[in-house]
Amino acid sequence: MQKDWILGDLLIWLRDNLLKERPELFLQDNSVRPGILVLVNDSDWELMDTVNYPIQSKDTITFISTLHGG
Amino acid sequence: MCSIGDEEFEDGSFKIMTKKEKFTLSNKCNKCRVADPCVVLRLTNVYCKCCFLASTTHKFQSVLGKSLLHFLHFLKTRIDLNTPPKKCRYKVVVIFIEDQYQLSLKEREDVIKKITHEVLLFGFMFYCVSFITYMVNPGQINKLINEDLQLSEKDNETLCNILDKNISETNRKQILNLAKRRLLIEISTDTASLLLTNICLGRGSQVPVDSGFCDDREEIKILRPLRLFDIKELAFYNRLNNLEPVFVRQREVNHYLSVNNLMRQFIDNLQQNYPATVTTVVKTGDKLTLDRTNTHICKLCKSLVPKNNSELSSEESTRFSHLVSTTVPNYTISRQERYQDISTQFESVAINDHDYCYACSKMYPFIKNIENSL
């Protein structure tokens, strides 16, 4: 049986496959860096046990950085 | 030894903090108790979309509303007497200070283009002012906003040349902040770190104006209606209203380079782990008030300079302590004479300059060539 993908797995996948440089600006320990908000289907991921949330088919996951001046 | 309360800890069960239960989607909104939540604030409150948007709007209005009483003289020209109390009409003019020197010329132009687009979409008047032009040709903002914005790759270099080469990063930031403060609106983490930085730098007396709701040091008053919002609230507000904020890449920060950076890191960590404490810092700062009987005003930061009284200020006490600790006492004379000696010596080196406050007097040597911009 295929293993369920949790959000923490996605972060590692993003680091290994999409990030081109300096992963420390996105990740810290096993989570996102403080200041980056994660939304699952437009809801705060803190409501879903953050990195332990099992990703469902058609989920929309959004990363919002608050580490900018805009 | 007092043992009141110790009995509670005998079995060891109270030594460990009870683990807080995590929020789940099955929780209901703290406010309406009906809808599903979509955001967790300060690790303690969950809100649904509707209640979150209503409470942020209410918070913004109440900050302005409460302060209305205190700043009536300032706002009276903007109150529309035909509308219910607490409602004001504003003429909005947005001024953007361009100082993104960490970006390339192309990126800077793009940022300005995006911001102009966003602001004009709301139908507000918009002006863009170059910070470096202001520093090179100090003058009224009113004159600068009518000039065309000119960006150059050399802007950062020009800024470095204006400032003294030997200046520390802490002083550099203080000087730039003084120059920018006229138009900046800070949000709460900025306010909290600014508040603690000010205290560290000997600007304790300026806390009420520098990080309070209203900075009324000059003719143009700065209000900070967003100071009680945390960055997460603002980010969610943007997201839930489908707003597209303009992202600006920030320069990499070495936390140990300046007091400002260190305080920023401290507050950011607090925000992450104990978010309610940031509000406590801001609220505690609100309780500090100015002694308005002071008549001396610092030439640089325009804040009130504490007047001399019979008691030594903390700065004077430190200097006295330094003098006593570094002077070899003359034991051939009596104790009273030794005291008289050191006292006379202290008075002879006392600074009676009321032109600058304590913090600005430390910075003064570095700003001689840009004093007019500040």
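Now for a description of the structure that goes with this document. Keep in mind it's a predicted model, so treat the numbers as computed, not measured.

This part takes up the overall build of chain B. Helix and strand counts for chain B stand at 15 helices and six strands. Looking at chain B as a whole, 38% of its 374 residues are labelled buried.

Here the focus is the packing of aromatic side chains. Residues and elements named next belong to chain B. With the rule as written, the count across this model stands at three aromatic pairs over all chains. Ring plane angle 75 degrees and centroid distance 6.3 Å describe the contact between Phe-52 and Phe-236, whose orientation is recorded as edge-to-face. Placement of Phe-52 in helix H1 (residues 49-70) and of Phe-236 in helix H10 (residues 231-240) is noted, with a sequence separation of 184 residues between them. Just as Phe-52 is buried, Phe-236 falls in that class too. Judged by centre distance (5.2 Å) and plane angle (85 degrees), the ring pair of Phe-320 and Phe-346 falls under edge-to-face. Of the two residues, Phe-320 is situated in helix H13 (residues 314-326) and Phe-346 in helix H14 (residues 335-349); the sequence distance between them amounts to 26 residues.

This brings us to the nonpolar core. Counting 23 residues, the largest nonpolar core has Phe131(B), Cys298(B) and Cys360(B) as the members making the most contacts within it. Contributions of two or more residues to this core are made by helix H4 (131-136), helix H6 (155-162), helix H7 (169-180) and helix H15 (358-363) of chain B. By residue number, the principal contributor to this core is H4(B), which donates four residues. In this structure, Leu11(A), Ile36(A), Trp45(A) and Tyr53(A) belong to the second largest nonpolar core, which totals 18 residues.

What follows is about the interface of chain A and chain B. Contact with chain A, which involves 20 residues of that partner, is made by 23 residues of chain B. Here chain A packs against chain B, burying approximately 1800 Å² in sum over the two surfaces, 62% of which is carbon and sulfur. On inspection of chain A and its partner chain B, the count reaches three salt bridges. The salt bridge involving Lys232(B) is made with Glu46(A); its shortest N-O contact spans 3.0 Å.

The next thing to look at is the pattern of salt bridges. According to the stated counting rule, one finds eight salt bridges over all chains in the structure shown. Asp44(A) is the salt-bridge partner of Lys232(B), the closest N and O atoms lying 2.5 Å from each other. Here Lys232(B), found in helix H10, pairs with Asp44(A), found in strand E4 (residues 43-44), and the two come from separate chains. Grouping residues by exposure puts Lys232(B) and Asp44(A) together as buried. Measuring nitrogen to oxygen at the nearest pair gives 3.5 Å for the salt bridge that ties Asp268(B) to Arg264(B).

Further remarks concern the sheet that holds E4(A). Residue and element names in this part refer to chain A. Here three strands make up an open sheet; going across it, the order is E4-E3-E5 and the pairing antiparallel. Two strands in the sheet have a free side with no partner beyond their single neighbour: E4 and strand E5 (61-65). Both strand E3 (residues 36-40) and E5 contribute to a ladder of five bridges, which runs antiparallel. Within E5, the residue paired with Val-38 across the bridge is Phe-63.

Here we come to the environment of Leu43(B). Position of Leu43(B) among the secondary structure elements: in the loop between strand E1 (39-41) and strand E2 (45-47). In this structure Leu43(B) comes out as partly exposed when scored by relative accessible area, which is 36%.

On to the side chain of Lys232(B), then. Given a relative accessible area of 11%, Lys232(B) falls into the buried group. Among the polar contacts listed, one links the side chain of Lys232(B) to the backbone oxygen of Val40(B), at a separation of 2.8 Å.

With that settled, consider unusual backbone geometry. All names here are of chain A. For Asn-41, which is not a glycine, the phi torsion comes out positive at approximately 50 degrees. Within the secondary structure layout, Asn-41 lies in the loop between E3 and E4. Asn-41 gets classed as partly exposed once you look at its relative accessible area, which sits at 40%. The phi torsion at Lys-58 lies on the positive side, around 70 degrees, for a residue other than glycine. Tracing the sequence through the fold places Lys-58 in the loop between E4 and E5.

Residues and elements named next belong to chain A. Most of E3 sits inside the fold, with five of its five residues counted as buried. Residue alternation in E3 divides its side chains into two sets, Ile-36, Val-38 and Val-40 and Leu-37 and Leu-39, and both sets are buried. As defined by bridge partners, E3 adjoins E4 across two bridges and the pair is classed as antiparallel. Pairing of Leu-39 across the sheet is with Asp-44, part of E4. Connecting the antiparallel pair E3 and E4 is a turn made up of two residues, with Asn-41 showing a positive phi of about 50 degrees.

Before going further, it helps to spend a moment on the environment of Lys114(B). All names here are of chain B. Tracing the backbone through its elements, the reader meets Lys-114 in helix H3 (residues 105-121). Classification of Lys-114 as partly exposed rests on a relative accessible area of 48%. Once the C-alpha coordinates of Lys-114 and Phe-247 are considered, the two residues, 133 residues apart in sequence, prove to be 9.4 Å apart.

Conventions and cut-offs
- Residues numbered from 1 in each chain as written.
- Chains lettered and ligands numbered in written order.
- Predicted model: local features only at pLDDT ≥ 70, side-chain atom pairs only at ≥ 80, totals over all residues.
- Heavy atoms only, no water.
- Helix = DSSP H or I, 4+ residues; strand = E, 2+ residues; numbered from the N terminus.
- Buried < 20%, exposed > 50% of the residue type's maximum accessible area, 1.4 Å probe, protein only.
- Phe/Tyr/Trp six-rings, centres within 6.5 Å; stacked < 30°, edge-to-face > 60°.
- Core = buried A, V, L, I, M, F, W, Y, C linked by side-chain atoms within 4.5 Å.
- Contact = heavy atoms within 4.5 Å.
- Buried area = accessible area lost by both parts, 1.4 Å probe.
- Salt bridge = Lys/Arg side-chain N within 4 Å of Asp/Glu carboxyl O.
- Pairing = 2+ DSSP bridges.
- Polar contact = N/O pair within 3.5 Å; in protein donor to acceptor, adjacent residues only side chain to side chain.

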